[in-house]
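# What the coordinates show
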Amino acid sequence: RELFPVVRDMLVNRTLILEAYEASGAELPNEVVNERVQAIIADQFGGDEAKLKEALRNSRTTREEWMKKVRENIIVMAMQQLQVDRKIVVSPKKIKEYYAAHAADFAEGAGTHVHSITIDPAGGAAAAEKALAELKSGKTFADVAKAYSSDPQAAQGGDWGFVDPATSFAAPIVEALAKLKPGETSDIIEMSEWRAIVRKVAERAGEPPSLAEAWPKVEAAVRAELGQARYNEWVDSLRKNAYIKNVDVKL
């Protein structure tokens, strides 16, 4: 019940972004979609087309429907990069001001050391279950993350280092991490069509570093904050030009 309005708004935003793309007249080359499809099959299904077909059959999804989701995911990411990432300017002044107000957040080694695997909607439940099974069989978290994860740290084996979970992850992940002891790994965490698996490596506190030492992390934090503000501004502009009807649903 608590997540329903959040998920609803995410789906509305996604639809508006896709509509904005179509209205722009741009066309996503089929080659781009096919390359992504082949990458998913290689990474999440061991290159076995039959395993993909089985996963789609189990989820009662046609290949056409799955391909459509893959295409939409590419478009949403491309639109966000164009409308958000490329329009963010992080000045030294903003970095200094942010550090002055949040120095304690950058305490060296403070927070929770997290490893994560994030499965996008294209991978679905089948990929998440396979990733968890491989972890339980003894495969390293880093190897599984590189094969299945879609989050920004996938190339680093899902290693986020020491972070503040509340400012780095969605609420379901924060809640899962709070229940784990250092060294423990979660079960599959459901987040609408996305899924995640996280490991709490360690927890500790520390002393704030100097601004010079913390500069890269502070810059990333400022960029994330500005990015969220820019994203909200962009989506609000799309909403103003759209007709949206919310229907109450009893849960």
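The paragraphs below set out a description of the structure included in this document. (Residues numbered from 1 in each chain as written. Predicted model: local features only at pLDDT ≥ 70, side-chain atom pairs only at ≥ 80, totals over all residues. Heavy atoms only, no water.)

## Considerations on the overall build of the protein
This is how the line gets drawn: Helix and strand assignments come from DSSP, with helices taken as H or I runs of at least 4 residues and strands as E runs of at least 2, each series counted from the N terminus. All radius of gyration figures rest on C-alpha atoms, and the globule criterion is 2.2 Å times the number of residues raised to 0.38. Any residue under 20% of the maximum accessible area for its type is buried, any over 50% is exposed, and the rest in between are partly exposed; the area is computed with a 1.4 Å probe on protein chains only. Two residues qualify as a contact provided that any one of their heavy atoms is within 4.5 Å of a heavy atom in the partner residue. For the purpose of counting charges, residues Lys and Arg are taken to be positive, whereas Asp and Glu are taken to be negative. His and the chain ends are not included. By convention, the point assigned to a charge is CZ for Arg, NZ for Lys, CD for Glu and CG for Asp.
The helix and strand tally for the protein stands at 10 helices and four strands. Reading the secondary structure of the protein in the N-to-C direction produces α-α-α-α-α-β-α-α-β-α-α-β-β-α. By the compact-globule yardstick of 18 Å for 251 residues, the protein fits well, its C-alpha radius of gyration being 20 Å. Here the protein holds 251 residues, and 36% of them are scored as buried. Across the protein, the fraction of contacts at a sequence separation of at least 24, relative to all contacts at a separation of at least 6, is 73%. When the 34 positive and 38 negative side-chain charges of the protein are each reduced to one mean point, those points stand 2 Å apart.

## Observations regarding a nonpolar patch on the surface
For clarity, the cut-off: Note on patches: the residues involved have over 30% relative accessible area and no salt bridge, like charges join within 9 Å, and the nonpolar side chains Val, Leu, Ile, Met, Phe, Trp and Tyr join within 5 Å. All accessible areas in this document rest on Shrake-Rupley with a 1.4 Å probe, and a residue is counted as covered only by the protein chains that are shown. Note on definitions: salt bridges are taken to be side-chain nitrogens of Lys or Arg within 4 Å of carboxyl oxygens of Asp or Glu.
Taken together, Leu-3, Val-6 and Met-10 make up a surface patch of nonpolar side chains, about 270 Å² in accessible area. In this structure, Val-6 sits in helix 1 (residues 4-23). The exposure class of Val-6 is partly exposed, given its relative accessible area of 42%.

## Brief notes about the packing of aromatic side chains
Just so we agree on the cut-off: Pairs were defined over the aromatic rings of Phe, Tyr and Trp, the Trp ring being its six-membered one, requiring ring centres within 6.5 Å. Orientation was assigned from the angle between planes: stacked under 30 degrees, edge-to-face over 60, tilted for the rest.
Throughout the structure, instances matching the rule amount to three aromatic pairs. Between the aromatic rings of Tyr-98 and Phe-106, the centroid separation amounts to 6.2 Å while the plane-to-plane angle is 70 degrees, which identifies the pairing as edge-to-face. A residue is classified by how much of its surface remains accessible, and Tyr-98, at 15% relative accessible area, is buried. On the basis of relative accessibility, which here comes to 12%, the residue Phe-106 falls in the buried class. Ring centres of Trp-160 and Phe-169 lie 4.9 Å apart, and the angle between their planes is 70 degrees; on these two criteria the pair is classed as edge-to-face. On the basis of relative accessible area, Trp-160 is assigned to the partly exposed category, the value being 24%. A residue is classified by how much of its surface remains accessible, and Phe-169, at 12% relative accessible area, is buried.

## Examining the pattern of salt bridges
Applying the stated criterion across every chain, the model contains 13 salt bridges. In this structure, Glu-49 and Arg-63 form a salt bridge, with 2.5 Å as the shortest nitrogen-oxygen distance. With Glu-49 in helix 3 (residues 49-58) and Arg-63 in helix 4 (residues 63-83), the pair connects residues that are 14 residues apart, well separated along the chain. Overall, the relative accessible area of 27% leaves Glu-49 in the partly exposed class. A relative accessible area of 29% places Arg-63 in the partly exposed class. The salt bridge partner of Glu-233 is Arg-230, with a shortest N-O separation of 3.3 Å. Pair noted here: Glu-233 and Arg-230 are both in helix 10 (residues 211-240), with a separation of three residues, about one helical turn. A relative accessible area of 17% places Arg-230 in the buried class. Within this structure, Arg-8, Asp-9 and Arg-239 form a network of salt bridges that share partners.

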